[in-house]
Amino acid sequence: MIFSDLRTFIDQLRRDRDLVEITAPIDPNQEAAEIHRRVIAAGGPALLFSNVKGAHFPLVTNLFGTPRRAELAFGTRPLALIKRIVHLAETLLPPTPAKLWGARDLGFDLLKVGMHRVATGPVREVVTGDVRLDRLPAITSWPDDGGPFVTFPLVYTQHPDKSGHPASRGSVGVSNLGMYRMQVHDRKSTGMHWQIGKGGGFHYARAEARNEALPLTVFLGGPPALILSAIAPLPENLPELMLASLIAGERLALVTAPNGHPHPLIANAEFALMGQVAPQVRRPEGPFGDHYGYYSLQHDYPVFDVRQIAHRKDAIYPATVVGKPRQEDVYIGDLLQELLSPLFPLVMPAVEQLWSYGETGYHSLGAAVVKQRYRREAMASAFRILGEGQLSLTKFLFLTDRRVDLKDFRAMLEHVLARTNPQTDLYVFSNLSMDTLDYTGPVVNEGSKGVWLGLGDPIRELPRRFAPPVPPPSDVTDVRVYCGGCLVVGARPFADDRDAPARIAAHPAFAGWPLVVVSDEPARATRSDMNLLWTTFTRFEPAADIHAASQRVVRHHITYEPPVVIDARMKPWYPKEVSCRPDVAETVTRRWPEYFPHARVAMGDSERGHLD
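Residues numbered from 1 in each chain as written. Predicted model: local features only at pLDDT ≥ 70, side-chain atom pairs only at ≥ 80, totals over all residues. Heavy atoms only, no water.

Applying the stated criterion across every chain, the model contains 1 cavity of 30 Å³ or more. Looking at the largest cavity, its volume works out to about 120 Å³. Every residue lining the largest cavity is counted, 14 residues in all, and those nearest its centre are Tyr294, Leu437, Tyr439, Thr538 and Pro575. Looking at side-chain class alone, the lining of the largest cavity contains 8 nonpolar, 3 polar and 3 charged residues. (1 Å grid on protein atoms, 1.4 Å probe; cavity = no way out; pocket = protein on both sides within 12 Å on 5 of 7 lines; lining within 4 Å. Points joined across faces, edges and corners; volume = space filled by probe spheres on them. Nonpolar A, V, L, I, M, F, W, Y, C, P; charged D, E, K, R; others polar.)

Structure (structure tokens):
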């Protein structure tokens, strides 16, 4: 099924009874977000808020908040097409008439990929230079957020070296479509959260180096395929609009922008915000409760000056809410990984499988199955993964050369621990770039990475019951078995006892366990795989928080004598975990029947989310 714009998808959800309209007045400041979080925690429907206080447009959220809706929006056809492309890339050479004739189906499909110009489109039904961003139902999700944010923006830029000539006006050029949160500063401007490694940020850096403003267009709504393509980790200079067309199964309709704005507009978008980002201008942005489940703090970012707005007469404003897993972004991110997975062996030939864990914010943890045709070849694949686009921000990476279901984290971890020799198989690399939203490093954008190999046949039988030869230290508050080979141990807070992990690693009670995680909350951490992932890998930095029974430097390599201990306690400088304001939570509980007078919509636990 092809959805050419946001509203055709919404109409399908209505027919499927998978969308509920809330007509009661709703406050966009935290109330809408808390309703959304409780509905998504219960696996509930998409939400259309038609009466948002102070807004001139309805608000839709949770469009992709279940696996079923995410798959419906983006379909199975793109995955089949990508698999077909990969198969032909592997088998078509050398080409023969028979092979080319056998590939004719792909040629017909690829003829539908691209853009086409139309004379006009719904996005141009209303065009105004009277910019009033305060009329949009931009939501504030968390109590410490710096203000309302645009959370589903499709930010379009063109490389200034390729788009500055009159001949390129209205053409796609070397473009980037990304999703970067935008704090609404005032009626006419927003922040532009360009993190390191982002395509739009590269375009701005080039324009700023020339002391030029960068033209910018932000689309809201449009074909759902645009959202998936905007967050896809594509190689630089590969246009996301082409991927959107491939996912949608049809050419994207573009219309000329009004009043000389240099970018084409997505004809079926709900809104198009047009303007520029001036050089050398910064403004504080944040805090913001982010998809790591904590607040990202206030920092200075460029400013988007909105000069004009185009929108449909009956435009619908899309938004999402991020926070502790699993939120809507994880369903989109996991589906995107499924879509791109056939390409990994084509781009990185020795990488057979690759998976990043959305429960950790994706960049915090990945795992891969790689080929090992000669001793230690696996590290070549590790370097390849850590040097590939957005994957280069991966903080910790598990690798094996034997088949295992990477999505089953517990099975993957046991598989690696049964095969690893930490003296030779654990690597930590310091003084590297890091995801901007990860605050475990010493400074923003910098930290360390870890690679842990588990290769070949098992070399140990993993312990599965904690029966220590001697009692554990008296300052250990709790000991729990997470899985074979992995213990989670409670200790005093980091601020009170920095050295606890080193003592635990050296204590004979924990000998024989390859991995020990030191946690502030071991009961919570071991309650589910998702909890272990979130409470561990978002709370440690390899260079600072990995300990062992003993460490030696051998040939400039640090060898770790097991157990390897990860200190996953909260550190004093970490931002705090996001949580709903009590009075907002009470309001939502009290008004729940008012929101859904004619539909049975379960109220989930937004504090626990899907963690437990």
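An order of β1-β2-β3-β20 is seen for the 4 strands of this open sheet, with the pairing classed as mixed. Every interior strand has two partners, whereas the edge strands, β1 (19-22) and β20 (317-318), have only one. Judged from the 4 bridges that link them, β1 and strand β2 (residues 46-49) form a sheet pairing that is parallel. Pairing of Glu21 across the sheet is with Leu48, part of β2. Contacts from helix α1 (residues 6-15) reach β1, β2, β3 (59-61) and β20, with the element oriented near 100 degrees to β1. (Pairing = 2+ DSSP bridges. Helix = DSSP H or I, 4+ residues; strand = E, 2+ residues; numbered from the N terminus. Contact = heavy atoms within 4.5 Å. Axes fitted to C-alpha atoms, helices over the stretch in contact; angles between N-to-C directions.)

Counting across every chain of the model gives 47 salt bridges. The salt bridge partner of Asp161 is Arg210, with a shortest N-O separation of 2.2 Å. Here Asp161 is found in helix α7 (residues 160-163), whereas its partner Arg210 is found in the loop between α8 (199-209) and β11 (214-220), with 49 residues between them in sequence. We classify Arg210 as partly exposed; its relative accessible area is 32%. One salt bridge connects Arg282 with Glu208, and the closest N-O pair in it is separated by 3.0 Å. Here Arg282 is found in the loop between β14 (271-277) and β15 (283-285), whereas its partner Glu208 is found in helix α8, with 74 residues between them in sequence. Exposure remark for Glu208: the relative accessible area of 15% places this residue in the buried category. (Salt bridge = Lys/Arg side-chain N within 4 Å of Asp/Glu carboxyl O. Buried < 20%, exposed > 50% of the residue type's maximum accessible area, 1.4 Å probe, protein only.)

Axis separation between helix α9 (residues 224-231) and helix α11 (residues 328-340) bottoms out at 10 Å; the angle between their running directions is 80 degrees. Judged by the inter-axis angle, α9 sits roughly perpendicular to α11. The segment α9 lies against α11, with Ile227, Leu228 and Ile231 engaging Ile332, Leu335, Leu336 and Leu339. Tallied by class, the residues present in the contact of α9 with α11 amount to 7 nonpolar, no polar and no charged. (Parallel < 35°, antiparallel > 145°, perpendicular 65-115°, else oblique.)

Looking now at the environment of Gly178. As for its placement among the helices and strands, Gly178 is situated in strand β8 (residues 175-178). Residue classification places Gly178 among the buried positions, given a relative accessible area of 3%. For the pair Gly178 and Gly197, spaced 19 residues apart in sequence, the C-alpha to C-alpha distance is 11 Å. Apart from residues lying up to four places away in sequence, Gly178 is in contact with Pro153, Leu154, Val155 and Ala230.

All right, on to the packing of aromatic side chains then. Taken as a whole and judged by the stated rule, the model has 27 aromatic pairs. The interplanar angle of 45 degrees and the centroid separation of 4.4 Å between the aromatic rings of Phe149 and Phe288 together place this pair among those described as tilted. You can see Phe149 sitting in strand β6 (residues 149-150) and its partner Phe288 sitting in strand β16 (residues 288-289), a full 139 residues away along the chain. Summarising the burial analysis for this pair, Phe149 and Phe288 share the class buried. Above the face of the Trp142 ring, Arg37 is positioned so that its terminal group lies 3.7 Å from the ring centre. (Phe/Tyr/Trp six-rings, centres within 6.5 Å; stacked < 30°, edge-to-face > 60°. Lys NZ or Arg CZ within 6 Å of the ring centre and 35° of its normal.)

Read these as spatial facts, not as claims about activity.
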